Amino acid sequence: MSGTVGAVMRACGAYVRQRVEGWRTGSRGSQAFLLLVLLALVALAVVIGSLLQVIVPVSLWFFFLMLGTMLLRFLPLVVLVTVLLGVSVWTSVETSFAAPSRASALLIFAVAIVLALYQSSRQRSGLPMALSEAVLTQLRDRLQRQGVVPPLPEGWRSQSATITANGPSYAGDFLVADLREGRWLEMALVDVCGKGTSVGPQALQFAGALGGLIGALPPAELMAAANNFLLRQESDESLATAVHIKVDLVTGDYTITSAGHPPALHWHLGQRGWSVDNARGMALGVIEEADFTPSHGRLRPGEALMFYTDGVIETAGRDLDDGIDWLRQVALQAVDARGFTGMPKRVLKKVPRGDDDRAMLVLERQPLTSPERDSERSRALGG
């Protein structure tokens, strides 16, 4: 007996999962099935109210309206609200509601129906409200997964943080990274024109393109390919700034290529300060033959490189040079206080609230331990 019950429960669970997956596709069949279920529940409520001779409150129809607004596309929702409006009027007439109370309740319900239909008609994706949110959430999660830096060899650490404009968790700032042979690390921090949910799909598309190219092309060719990709887009606002770094994790040698991006900062252990990198280049998506002038350097143990988007340094009434000087000072204080641990988040918290996304990436070559220093000294002396 218990085996039969278990089989029935598993079959019901599989059926429910199948229907949920069907709803997530937004297909006509799944929408028709869900509409029939809601209509059946409405009919059941009417029948129960008639048999028991009880008042069916208008609030119950509000409940079905909320479900329909969340789960149905526009046309199925129109069918549902038509039925709800009819049964709400019919059940109200059949009850002992006072005329003023009945009229007020029906008027409020009619206004709610108009608002629900208006909201549904504004869904440009053509999907129900709840499903549109799920799609945006998946989009955001994919963008964040693409920005995960692979585990680095011992002695190296990367940290990043992002704060989106005005609170939404969808940003036009993103990171793509690639590690080959455990030695060659490449990362690109990108700032797509725009902010919030409006730039999410564009940022995801561009991140996918860069994710497929990074590590496969030399830095200059990667930037040129990214520039051509944006120029082929139909939108006149397909613009972005980017900074790309390629690091040899054995020697610490690096190449930075910038495309209209704020300059990287290099923490020099001996000087205890942040110097401004000199890589320069045209923003992506502006002209066909964009020039990029890379910079070269070496990251020694105890040093770090910092990359950031313009939302970190741009504020009203302050030019870029002043913003960079402000960031160098704040970042110096952050390192003096607690080192590089958690530095991106700590620095971004001090950035004045603005209307632009903010992102920061720090790549650190950690100091040598005592045995490593002895070994390094021995090699230097030829021992």
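Going by the structure above, here's the rest.
What counts, and where the lines are drawn
Residues numbered from 1 in each chain as written. Predicted model: local features only at pLDDT ≥ 70, side-chain atom pairs only at ≥ 80, totals over all residues. Heavy atoms only, no water. Pairing = 2+ DSSP bridges. Helix = DSSP H or I, 4+ residues; strand = E, 2+ residues; numbered from the N terminus. Axes fitted to C-alpha atoms, helices over the stretch in contact; angles between N-to-C directions. Contact = heavy atoms within 4.5 Å. Salt bridge = Lys/Arg side-chain N within 4 Å of Asp/Glu carboxyl O. Buried < 20%, exposed > 50% of the residue type's maximum accessible area, 1.4 Å probe, protein only.

Q: Help me understand the sheet that holds strand S10 (residues 295-298), please; the structure alone is not making it clear to me.
A: Pairing between the strands of a sheet comes from backbone hydrogen bonds, and it takes one of two forms, parallel or antiparallel. Taken in spatial order, the 5 strands line up as S2-S3-S4-S5-S10 in an open sheet, and their pairing is antiparallel. Two strands in the sheet have a free side with no partner beyond their single neighbour: strand S2 (173-180) and S10. Across the sheet, the mean angle separating the axes of adjacent strands is 15 degrees when strand polarity is ignored. Against the sheet, helix H8 (residues 219-231) contacts strand S4 (240-248) and strand S5 (253-259), and its axis sits at roughly 160 degrees relative to S4.

Q: How do you make sense of the pattern of salt bridges when you look at a structure like this?
A: For the structure shown, the criterion picks out 6 salt bridges. Because the salt bridges share partners, they merge into one network encompassing Asp178, Arg180 and Glu186.

Q: What is the right way to look at the pairing of strand S12 (residues 358-365) in this model?
A: Where a strand is regular, its side chains alternate between the two sheet faces. Among the 8 residues of S12, 8 are classified as buried, and the element is accordingly described as predominantly covered. With burial as the criterion, each face of S12 is covered, one bearing Arg358, Met360, Val362 and Glu364 and the other bearing Ala359, Leu361, Leu363 and Arg365. As paired strands, strand S1 (residues 156-163) and S12 are joined by 8 bridges and run antiparallel to one another. Among the inter-strand pairings, Ile163 is bridged to a residue of S12, identified as Arg358. Note: strand S11 (residues 303-308) against S12, 6 bridges, orientation antiparallel. Within the sheet, the bridge partner assigned to Tyr308 lies in S12 and is Met360.

Q: Where do I start with unusual backbone geometry in this structure?
A: The general pattern is negative phi for most residues beyond glycine and trans for most peptide bonds. A positive phi is found at Glu181, a non-glycine position, where the angle reads about 60 degrees. In this structure, Glu181 sits in the loop between S2 and strand S3 (184-192). For Glu181, a relative accessible area of 73% corresponds to the exposed category.

By themselves, these observations are geometric and do not establish any function.
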